[in-house]
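As a plain string of letters, each chain reads:
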Amino acid sequence: MYGKDKQSWLLERRAFLKLGAGLGLGSLLLGWSNPARAEIINATSPSIGTAVTPRASARNCLLIVLRGGPSHIDTFDAKVGNWTPSKLGMAQNSAGYIWPTGVMPQLAKRANKFSIVRSLQHQEVVHERAEYYTETGRRLNPGLRAEIPHIGAVVALEQESQRASTDIFPGFMLFSGSAYTNNGFLSASFAPFAIDDPGVGINNLLPSDGLIAFNRRRDALKMVNDLNSGEVNATRQSFSVFQDQAEKMLKDPMTATTFLVSDTDRKRYGNNYFGLSLASARNVLKANRGTHFIEVDQYGWDNHVNIYDDGPYDLPALCRQFDTAFSSLLDDLNDSPGIKAPTLLDETFIVVIGDFGRTVGPLTQSKGRDHYPYAFSAMFAGGGVKGGRVIGSTDDAGAVPKDLGWSNDRPIHLPDVVTTMYSTLGIDWTKTLTNTPSGRIYRYADPTAIGDDNSYEITPLF
Amino acid sequence: MKRVILFLFVVVVAVTLVFPTQQSQASKKTKLPFTFGKTIFQDPHAALSNKVDIVGEVSRQTKALAASLPPTKEISKPVATLKSGSTPGRVPTSNIIDQDIFSTLATKNILPANPATDEEFCRRIFLDLTGRQPSPDRLLKYVGDKDPDKKSKLIDELIGSEGYIDRWTQWFGDLTRNYTIAQDLSGRDRNAQYLYLKDAVTRNKPYNQIVTDFITFTGLYDQGPGGFLVRPAFNTTLPQDAYDEITAEISRTFLATQPVCISCHNGEGHLEQVNLYFSTRKRSDFWGLSAFLAQTNFTITGAQNELVKISNNTNGEYVANTKDGLRPPRTGGTIEPTYLFNGGKVNRGEDRRVALARLITSDPQFARAFVNRVFAQFFTIGLVEPIDQFDLARLDPNNPPPAPWDLQPSYPVLLDQLATFFQKSGYDVQALIRLIANSQAYGLSSRYDESKWKEEYARFYARKLVRRLQAEEVLDAISTSTFRPGAYAAMGFSKTFSSAMALPGIEEPLLSTVSRNVPPQSDNPYVVYKFLQDFGRGDRNTVIRSNSGSIEQAFDLFNSDLLIGRISNVNGLPTQLAKTLQDKKATPEEAVAYLYLMTLGRQPSATEIDKLKTKITAGPEAIADLQWALFNRLDFLYNY
């Protein structure tokens, strides 16, 4: 069940966590190379406390994190220079903008199905902190680390009241080697449910000796528990709640089949961790059993060294891997009927985002690109997003946002991305929760890290 | 209209990347243009009054657990009833914990719980001191022991035992966040710190000496606890950022307070709702603390750049002149090392880190922070919660903070008394643990007359608050009670480890050694790794240890091979019990009792024996089903 693939990617993941062999401890002294100096774009004075109206255009949110941080100028914000290898095939895509058609040919043909935002700015240049920011929509504060939940947990909390009796899957599912956050101070019921073996299934869904043995044991447990008064006042941590949910899942034949990926789909999505994750995520969305927030991670984008080489974790291969899986996903969601909207794609808001951008212009001495926060891009699709658009732009180098692409007088930041997720899901992003362990009020979308009082939906997407 | 945005953090932000040209604009502002946005703090006082959640949750868990246990009348009788001026089951004591807790409970008219039964206490103290359940023999011996001093003798027996060393080495590893940053999967830095801590726990090295060793370490980071200083600096680009990160980590670890907030901005305008003490401190105060590290060099060395050497120089300075890096620009020139908490300085000719260690270990907060952490380990919640978020302006009962703030500790006098005790003992960790473990307050039952229970009693320890077992405790309990220990490979060790608690770090069991070190028929290392992570072990870095339940845990305890493979093993307990019954070497009642003692660390109640004695004779499969059921009971997962 746990093949070599699984173990090797876990080990690889560990290696990535260690910043890549190229940098190593040198980052103590070197780190990311000195970035081009960014033009500062400041915000207008915002109104405070304005009532918001969520768009409510989606039932699901799929967050795809390109861990490591893809080079934006080689992918979603393509800039051609004398460093650009011909194999990237920089040419116009079907929506008429420059695209690496050589390594993302399928998406080049489907550019009307997604839109790109190019005026994103980051404030982090370290993976751990950047990915934490992506998961939570706020910057890491070590003092509050224990209580801050993943956005998916908040969505699960918000959607709890709408769960039907057939909704046996957890609200928030995670296809990731190592997310940094979980349910935080929220109930453990909203914690991410981790799928570690995409394409195979849930760990320990059934015992090696089968369902009959499980039923026999469960009867024994009931008998043993009935000898005492049992768990009366169920708490939010109450273990019997999790036992009951696990039992429902393991007894529903759909649970096992949902996580299987057919041979055809292994071909269409790619028989690798990311491809299998995305194919499984599609199955989960199609199954419609209560999971409405899914995070799927693709690893390897930290291309400090030999970025254009042809190894499995160099940019061209990662692009191809992404292209294969994501284009199949778009096709499948588009071909699946929705519950409320015509297609499943129409009601699934998809965000594809990396840790941050990468340095622009010629390659570094290591023939790679280092971490870069001042400009980066993200891809959006479904859930009401109008395809084929490019929102915002950067300067010729891709170093700094030029056209901001929206009506607010500052670049787009992660809290705005989070706001857009909440908006499409019909959640008031200005909501707050006060019962935190620290006593700090928790804001659903928290723009304070960018010094603004408000965060904004990326309205031009719709 | 343009507006400077970067410095206006409402939520405290640890590290800030700076857009350099903003500096000039920022400096034009004479005053922080900062307001509490309406949407952020609708009612600051509401935020303060909502801090009970940690305590409330523990209280609810305790109630649920107590309800899952057999009724008290089946296993013990109340020792005494409450008379005015007396406390049930309590004998006069000189223990400072009991003096303060019981007199406070009496003042507040809160009835303390009865003492725990002998067998409850035995399991409890075994788990807290060694992370392991007592063997049936040891538990029964303790229960039958008529010696009035048996409790303190058991505590003495366990302190310093092999299990104690493993458990408290792991505890110190968590405290000092020991994980490896070595590139070569050797674990060299982590292992060096692990071995240092194991030796320190074994020899009961004075805690102030341990901390001095951590702060003043020089040499290669795999020759001692050097990784502690290197890890926070790992992702920094400027020396000042490295010093700041290390300072934040030292403060959190050894002082249990978080000046990291003021490493980016002054406290004023930011921390009024969060930490009264730091709300009046300035960013330059933080720099003063960081400046103690400014004569430390980190040098990357080794043939593969695999080593880091920590050394000292005599001319380094903390210069507040940065425009880049992870924090807002620093201005202010050379900063003199000044101990943030009392203004202490470096003595003439004194090494700066030696001075820092001296100032920290002589700070009353140093002892307070540690005794609170250890107290929390035994009492489930600390006198101050969260345990690493002390507010130094809210500790003194003689000088209480202005409204709406309240004193932070539930027992402010006790906190200081424990700190004084610890300091006077010469920072003797075992003496502190012995004091806590011997207190009658620690020995109270987790049961309570629920009709009289109020959630706010939990904060005053009117009953024993239950603690969820740690991942390692759960796995080790399964291994022990099924007669099949683990064999876990670890980075840099040729031997395998039979206990999860004994593992040197959280990277284990090591997956890449599947074929090399793990004997056949043993556990799949990935399954073990996943099990430990599912049960909240964390990684000591980005993922903190958690005691939450989860669906994954339910699946693990239902179906994992770690469990199924063990209960159905030919050498497992069920098979052996079945044989013993068949050979008439035990009665069905004895078999039921043994199964409960092995699995749950308690005797079955009369009802449990009565109902199960017919089931247990039905063969190994039926016994295995029963053992599985006990593993899936709530009381298996808790120390109560």
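Residues numbered from 1 in each chain as written. Chains lettered and ligands numbered in written order. Predicted model: local features only at pLDDT ≥ 70, side-chain atom pairs only at ≥ 80, totals over all residues.

### Observations regarding the overall build of chain B
When its secondary structure is counted, chain B shows 28 helices and 7 strands. Looking at chain B as a whole, 55% of its 640 residues qualify as buried. Contacts spanning at least 24 positions in sequence make up 68% of the contacts within chain B whose residues lie at least 6 apart. (Helix = DSSP H or I, 4+ residues; strand = E, 2+ residues; numbered from the N terminus. Buried ≥ 20, exposed ≤ 12 C-beta atoms within 10 Å, placed from the backbone. Contact = placed C-beta atoms within 7 Å.)

### Examining the overall build of chain A
Each helix and strand in chain A was counted, giving 12 helices and 14 strands. The buried share among the 462 residues of chain A stands at 61%. Intrachain contacts of chain A at a sequence separation of at least 6 include 72% that bridge at least 24 residues.

### Remarks on the packing of helix H26 (residues 588-600) of chain B against helix H28 (residues 620-631) of chain B
Residue and element names in this part refer to chain B. Interaxial distance between H26 and H28 falls to 10 Å at its minimum, and their mutual angle equals 40°. In terms of axis orientation, H26 runs oblique to H28. Considering how the two elements wind past one another, H26 and H28 form a crossing that is right-handed. Residues Leu595, Tyr596, Thr599 and Leu600 of H26 pack against Ile623, Leu626, Gln627, Leu630 and Phe631 of H28. Along the lines of polarity and charge, the residues of the contact of H26 with H28 split into 7 nonpolar, 2 polar and no charged. (Axes fitted to C-alpha atoms, helices over the stretch in contact; angles between N-to-C directions. Parallel < 35°, antiparallel > 145°, perpendicular 65-115°, else oblique. Left-handed = near helix turned anticlockwise from the far one by under 90°. Nonpolar A, V, L, I, M, F, W, Y, C, P; charged D, E, K, R; others polar.)

### What about the sheet that holds strand S11 (residues 376-381) of chain A?
Residue and element names in this part refer to chain A. The strand order across the open sheet formed by 8 strands is S6-S5-S7-S1-S8-S11-S4-S12, and the pairing between neighbours is mixed. This sheet does not close on itself; its edge strands, each paired only once, are strand S6 (193-194) and strand S12 (390-391). Pairing of strand S4 (residues 114-120) with S11, which is carried by 5 bridges, proceeds in the antiparallel orientation. Among the inter-strand pairings, phenylalanine 114 is bridged to a residue of S11, identified as alanine 381. Here helix H12 (residues 414-424) sits on the sheet in contact with strand S1 (60-66), strand S8 (348-354) and S11, set at roughly 170° to S8. (Pairing = 2+ DSSP bridges.)

### Overview of the packing of helix H25 (residues 573-582) of chain B against H26(B)
Residues and elements named next belong to chain B. Two numbers describe how H25 lies on H26: the axes approach to 10 Å, and their chain directions differ by 160°. Between H25 and H26, the crossing angle belongs to the class labelled roughly antiparallel. The element H25 and its partner H26 pack so that their crossing is right-handed. The residues of H26 that touch H25, namely those facing Leu573, Leu577, Thr580 and Leu581, are Pro588, Ala591, Tyr594, Leu595 and Met598. Classifying every residue of the contact of H25 with H26 by side-chain character gives 8 nonpolar, 1 polar and no charged.

### A few points about the pairing of S4(A)
Sheet faces and side chains relate simply in a regular strand, where the side chains alternate between the two faces. Residues and elements named next belong to chain A. Buried residues dominate S4, accounting for 7 of its 7 residues. Taken together, the 2 bridges between S4 and S12 define a ladder with parallel strand orientation. Looking at the pairing, isoleucine 116 lines up with valine 390 of S12.

### Re the nonpolar core
Ranked by internal contacts, the top residues of the largest apolar core, which has 295 residues, are Val351(A), Phe380(A) and Ile436(B). In this structure Val351(A) touches Leu63(A), Ile64(A), Ala378(A), Phe380(A), Val417(A) and Met421(A), once residues within four positions along its chain are discounted. (Core = buried A, V, L, I, M, F, W, Y, C linked by C-beta atoms within 7 Å.)

### Details of unusual backbone geometry
For the peptide bond that leads from Glu385(B) to Pro386(B), omega is -10°, which places it in the cis range. For the peptide bond that leads from Ala403(B) to Pro404(B), omega is 10°, which places it in the cis range. Of note, Pro404(B) is situated in the loop between helix H17 (364-379) and helix H18 (412-424). Phi at Lys367(A) takes a positive value of approximately 60°, unusual for a residue other than glycine. With respect to the helices and strands, the residue Lys367(A) is situated in the loop between strand S9 (357-358) and strand S10 (371-372). Taking the number of C-beta atoms within 10 Å as the measure of exposure, Lys367(A) has 16 and is therefore partly exposed. Located in the positive-phi region is Phe483(B), a residue other than glycine, with phi close to 65°. Among the structural elements, Phe483(B) can be located in the loop between helix H20 (471-481) and helix H21 (514-517).

### Quick notes on the sheet that holds strand S1 (residues 219-220) of chain B
Residue and element names in this part refer to chain B. The strand order across the open sheet built from 3 strands is S1-S3-S2, with neighbouring strands paired in antiparallel fashion. For this open sheet the edge positions go to S1 and strand S2 (296-301), each flanked by a neighbour on one side alone. Relative to strand S3 (residues 307-312), S2 is paired through 6 bridges, and the arrangement is antiparallel. Within S3, the residue paired with threonine 296 across the bridge is asparagine 312.

### A few points about the environment of Asn639(B)
All names here are of chain B. Mapped onto the elements, asparagine 639 comes out in strand S7 (residues 638-639). As a C-alpha pair, asparagine 639 and leucine 469 span 170 residues in sequence and 6.3 Å in three-dimensional space. Those residues in contact with asparagine 639 that sit more than four places away from it in its chain are Arg124, Leu127, Asp128, Val466, Arg467 and Leu469.

### Overview of H17(B)
Residue and element names in this part refer to chain B. In a regular helix each residue adds 1.5 Å, so 16 residues correspond to 22 Å; H17 covers 22 Å between its end C-alpha atoms and thus fits that length. Of the positions making up H17, those classed as buried are Phe366, Ala367, Arg368, Ala369, Phe370, Val371, Asn372, Val374, Phe375, Phe378 and Phe379. For H17, the secondary structure elements touched by its buried residues are helix H6 (118-130), helix H11 (207-216), helix H13 (239-255), helix H16 (352-361), H18 and helix H19 (429-438). Once H17 ends, the next one or two residues include threonine 380, with phi positive near 75°. (Expected span 1.5 Å × (residues − 1).)

### Quick notes on the confidence of the model for chain B
All names here are of chain B. Put simply, chain B has an average pLDDT of 85, and 86% of its residues get 70 or more. Confidence drops under a pLDDT of 50 for residues 1-52, and excluding neighbours within four residues, the segment shows 110 contacts in the predicted structure. Low confidence marks residues 74-89, where pLDDT is under 50. Its contacts with residues over four positions away, or in another chain, come to 25 contacts. The ipTM for the predicted assembly is 0.84, set against a pTM of 0.86. (pLDDT = per-residue confidence, 0-100.)

### Notes on the environment of Lys424(B)
All names here are of chain B. Looking at where lysine 424 falls in the secondary structure, it is placed in helix H18. For lysine 424, a count of 11 C-beta atoms within 10 Å corresponds to the exposed category. Sequence-wise, lysine 424 and tyrosine 448 are 24 residues apart; in three dimensions their C-alpha atoms are separated by 36 Å.

### Examining H18(B)
Residues and elements named next belong to chain B. Taking 1.5 Å per residue as the helical rise, H18 with its 13 residues ought to reach 18 Å, and the 18 Å between its terminal C-alpha atoms agrees with that figure. Of all the positions in H18, only Leu414, Leu415, Leu418, Ala419, Phe422 and Gln423 are classed as buried. Tucked inside the fold, the buried residues of H18 contact helix H5 (96-107), H17 and H19. After H18 finishes, the residue glycine 426 shows a positive phi value of roughly 80°.

### Quick look at the environment of Arg145(A)
In this fold, Arg145(A) is placed in the loop between helix H4 (127-136) and helix H5 (151-159). Along the primary structure Arg145(A) and Met421(A) are separated by 276 residues, whereas in three dimensions their C-alpha atoms are 22 Å apart. Setting aside residues up to four positions removed in sequence, Arg145(A) forms contacts with Leu140(A) and Ile544(B).

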